[in-house]
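Here's the letter readout for the chains.
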Amino acid sequence: MLQHTFDNSMDINLVSPKKVIIKSFPVMKKILIIDDSKPIRYLLDTIVSKHYTVVTAADGFEAMYWLSQGNRPDVIVSDLQMPNIDGFDLIKNLSSSALYGDIPIIILSGSADDEIRQKCEEFAIADFLVKPFNPARLLDAIKKALDRRSGISINNASGQMF
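The present account deals with the structure reproduced in this document.

## Re the overall build of the protein chain
(1) Moving on: Looking only at helices and strands, one finds 5 helices and 8 strands in the protein chain.
(2) Moving on: Order of helices (α) and strands (β) in the protein chain, N terminus to C terminus: β-β-β-β-α-β-α-β-α-β-α-β-α.
(3) Moving on: Within the protein chain, the proportion of its 162 residues that are buried is 37%.
(4) Moving on: Residue pairs at least 24 apart in sequence account for 53% of intrachain contacts in the protein chain once pairs closer than 6 positions are excluded.
(5) Moving on: Carbon and sulfur atoms make up 53% of the accessible area of the protein chain, which totals about 9700 Å².

## Some remarks on helix 3 (residues 87–95)
(1) Moving on: By the burial criterion, the buried members of helix 3 are G87, F88, L90, I91 and L94. End-on view of helix 3: buried residues confined to an arc of 160 degrees, all on one side of the axis.
(2) Moving on: Those residues of helix 3 hidden inside the fold are in contact with strand 4 (30–34), helix 2 (60–68), strand 6 (75–78), strand 7 (105–109) and helix 4 (114–122).
(3) Moving on: At the N-terminal end of helix 3, a side-chain oxygen is found 3.2 Å from the backbone nitrogen of F88, two or three residues along, and the residue is D86.

## Some points on the pattern of salt bridges
(1) Moving on: Taken as a whole and judged by the stated rule, the model has 6 salt bridges.
(2) Moving on: Residue K131 pairs with D35 through a salt bridge whose shortest N-O separation is 2.8 Å. Of this pair, K131 sits in the loop between strand 8 (127–130) and helix 5 (135–149) while D35 sits in the loop between strand 4 and helix 1 (38–48), and the two are 96 residues apart along the sequence.
(3) Moving on: Accessibility expressed as a relative area gives 1% for D35, which makes it buried.

## Let's talk about the nonpolar core
(1) Moving on: Within the largest apolar cluster, 23 residues are counted, with the highest numbers of intra-cluster contacts made by L32, I34, L80, I107 and C120.
(2) Moving on: Counting only elements with at least two residues in this core, the list comes to strand 4, strand 5 (53–57), helix 2, helix 3, strand 7 and helix 4.
(3) Moving on: No other element matches the 4 residues that helix 3 contributes to this core.
(4) Moving on: Apart from residues lying up to four places away in sequence, I34 is in contact with A57, D59, G60, A63, I76, V77, S78, D79, M82 and L90.
(5) Moving on: Judged by nonpolar contacts, the second largest core, of 19 residues, contains I31, V77, L138 and I142.

## Comments concerning unusual backbone geometry
(1) Moving on: Residue P132 follows K131 across a cis peptide bond; omega there is -5 degrees.
(2) Moving on: Inspection of the secondary structure puts P132 in the loop between strand 8 and helix 5.
(3) Moving on: At N84, a position not held by glycine, the phi torsion is positive, near 60 degrees.
(4) Moving on: Counting through the fold element by element, N84 comes out in the loop between strand 6 and helix 3.

What counts, and where the lines are drawn
- Residues numbered from 1 in each chain as written.
- Predicted model: local features only at pLDDT ≥ 70, side-chain atom pairs only at ≥ 80, totals over all residues.
- Heavy atoms only, no water.
- Helix = DSSP H or I, 4+ residues; strand = E, 2+ residues; numbered from the N terminus.
- Buried < 20%, exposed > 50% of the residue type's maximum accessible area, 1.4 Å probe, protein only.
- Contact = heavy atoms within 4.5 Å.
- Areas by Shrake-Rupley, 256 points an atom, 1.4 Å probe, with all protein chains shown as cover.
- Arc of directions from axis to C-beta.
- Polar contact = N/O pair within 3.5 Å; in protein donor to acceptor, adjacent residues only side chain to side chain.
- Salt bridge = Lys/Arg side-chain N within 4 Å of Asp/Glu carboxyl O.
- Core = buried A, V, L, I, M, F, W, Y, C linked by side-chain atoms within 4.5 Å.

Quick look at the structure:
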């Protein structure tokens with residue numbers, strides 16, 4: 001029996017020339033993680049890849065290059081303070097884009113400054129987490145962002161995003 005896998009979403013068993021059995025597997029959602037700290041990227045990749053497909057970038061420039069290659073994540077998790085293109089410049093570019101403006105962005109920042117939070121609210125960021133972060137809280141934020149994007153309403157008593 002020959003077996004071949006295409007794009008991790010479909011497994012085809014060729015039993016005979018006349019009979020093909022196709023089994024479908026769910027395609028995992030893709031999360032783009034952007035952080036200039038290699039240990040943080042590794043940690044985030046380890047946590048998030050248990051539930052989603054993960055792509056990492058060291059800064060906004062790498063992320064924009066990856067996006068320009070026709071790639072499209074379901075959610076972006078980004079630091080703010082990075083070299084080349086920082087988080088706010090990245091957010092400005094993505095939110096003004098017809099191609100990427102609907103992708104939820106979760107900010108993972110080393111600063112809990114109210115001014116930074118307010119600026120994130122102006123860009124309609126899906127969520128704002130402060131380092132050090134709770135991994136369960138991050139996974140919950142990703143799930144909520146995916147649910148909102150899918151049209152599933154999330155009840156939030158305060159009416160605020162974060």
